[in-house]
Amino acid sequence: MRFTRIATTAATAVLTLVGASVIASEPVQFNSTHTTSAAPAAASLPQYDHVVIVPFENKNYTSIKGSSKAPYLNSLASQGALATNSFGLTHPSQPNYIGLFSGSQQGVDDDSCPNDFSTGNLGQQLIDAGKSFTAYSEDLPSAGYTGCKSGDYRRKHAPWADFPTVGNSSHHLPFSSFPSDYSKLPTVSFVVPDMCHDMHDCSVETGDTWLKNNLDGYAQWAKTHNSLLIVTFDEDNFTSVNQIYTSFVGANVKTGYASNTQINHYSVLRTLEDMYGLPPLGGAAGKSAISDLWTTSS
């Protein structure tokens, strides 16, 4: 498959951290009415055929980085790139998922369910641009299910269910529908483990093993098929710092690279939007796309 790049005339924005107090402070929170100056688009980004994002739950960065309990997650960092200054937006879980998907926490500050929003979101942006989007949730009882929980599935970890245009049976599927032929994946997809495998109710080791057993095939395939795997966490374990583990593995990702650029969920959303030429939503507009992880095309 062909690797392409999006070129712009805007210079890449560089964020410089000054002093430990910047890292220690909680990231700025955005709501649906917050406005911010748009950051320039990255000068050059990969445009992948497929991107898969897998979010895990409630673990401090130091509980994953270098931990013997997370050998597979650490192996992904060595195979690709690790964001060493990655942060959640807030606590608790749900607003982080909503923010990553829509560029705003939509006024949500808890794990209440259900929520319904009519604002813009990444899934609808992709569809409107002629791309494709699907979310695959473990333990989802049926395609397009709108209930708040079933088994170990929780809607609070599936923000697309809150946006009727993309939360339907065409775009929200059980994880059992994740294709074994990865070329049939949509342009962008989310894979959401259940409440045990996402490390919320079970151990780091359990989640790490689940990830290896279920996504390593895609991770290895992605390297040679112009595709990308992003593994991240919603938040840390309720500290004020809220630093999380985020890694990138796939084609045209620097191998063994550790990025010190400060990012959060809005930065990840902005990166995906810039990759596909989509206008940045909400808080993503004030962030720059992640630009230092990528190799040049051959």
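An account of the accompanying structure is given in this report. Fair warning: this is a prediction, and the values are worked out from it, not measured in the lab. (Residues numbered from 1 in each chain as written. Predicted model: local features only at pLDDT ≥ 70, side-chain atom pairs only at ≥ 80, totals over all residues. Heavy atoms only, no water.)

Some remarks on empty space enclosed by the protein
Under the definition given, this model contains three cavities of 30 Å³ or more. Looking at the largest cavity, its volume works out to about 50 Å³. Contributing to the lining of the largest cavity are Ser 137, Glu 138, Asp 152, Tyr 153, Arg 154, His 157, Ala 158, Val 192, Pro 193, Asp 194 and Met 195. Classifying every residue of the lining of the largest cavity by side-chain character gives five nonpolar, two polar and four charged. (1 Å grid on protein atoms, 1.4 Å probe; cavity = no way out; pocket = protein on both sides within 12 Å on 5 of 7 lines; lining within 4 Å. Points joined across faces, edges and corners; volume = space filled by probe spheres on them. Nonpolar A, V, L, I, M, F, W, Y, C, P; charged D, E, K, R; others polar.)

Things to note about the pairing of strand S11 (residues 243-250)
Of all the eight residues making up S11, eight are buried; the element is thus mostly covered by neighbouring parts of the structure. Neither face of S11 is exposed, since Gln 243, Tyr 245, Ser 247 and Val 249 on one face and Ile 244, Thr 246, Phe 248 and Gly 250 on the opposite face are all buried. Of the pairings in the sheet, the one linking strand S4 (residues 81-87) to S11 comprises five bridges and is antiparallel in character. Residue pairing across strands places Ala 81 opposite Phe 248, the latter belonging to S11. Across four bridges, the pairing between strand S10 (residues 227-233) and S11 is antiparallel. Across the sheet, residue Ile 230 finds its bridge partner in S11, namely Phe 248. (Buried < 20%, exposed > 50% of the residue type's maximum accessible area, 1.4 Å probe, protein only. Helix = DSSP H or I, 4+ residues; strand = E, 2+ residues; numbered from the N terminus. Pairing = 2+ DSSP bridges.)

Digging into the packing of helix H4 (residues 93-102) against helix H7 (residues 265-275)
Where H4 meets H7, the closest approach of the two axes is 8 Å, and the angle between their N-to-C directions is 25°. On the basis of their axis angle, the class for H4 and H7 is roughly parallel. In the crossing of H4 with H7, the sense of the turn from one axis to the other is right-handed. The residues of H7 that touch H4, namely those facing Asn 96, Gly 99, Leu 100, Phe 101 and Ser 102, are His 265, Tyr 266, Val 268 and Leu 269. Of the residues belonging to the contact of H4 with H7, the class tally is five nonpolar, four polar and no charged. (Axes fitted to C-alpha atoms, helices over the stretch in contact; angles between N-to-C directions. Parallel < 35°, antiparallel > 145°, perpendicular 65-115°, else oblique. Left-handed = near helix turned anticlockwise from the far one by under 90°. Contact = heavy atoms within 4.5 Å.)

Notes on the environment of Lys 156
With respect to the helices, strands and loops of the structure, Lys 156 is situated in the loop between strand S7 (153-154) and strand S8 (172-174). Accessibility expressed as a relative area gives 17% for Lys 156, which makes it buried. Spatially, the C-alpha atoms of Lys 156 and Cys 113 are 6.6 Å apart, while their sequence positions differ by 43 residues. If we ignore the near neighbours within four places in the chain, the residues touching Lys 156 are Gln 94, Tyr 97, Asp 111 and Met 195.

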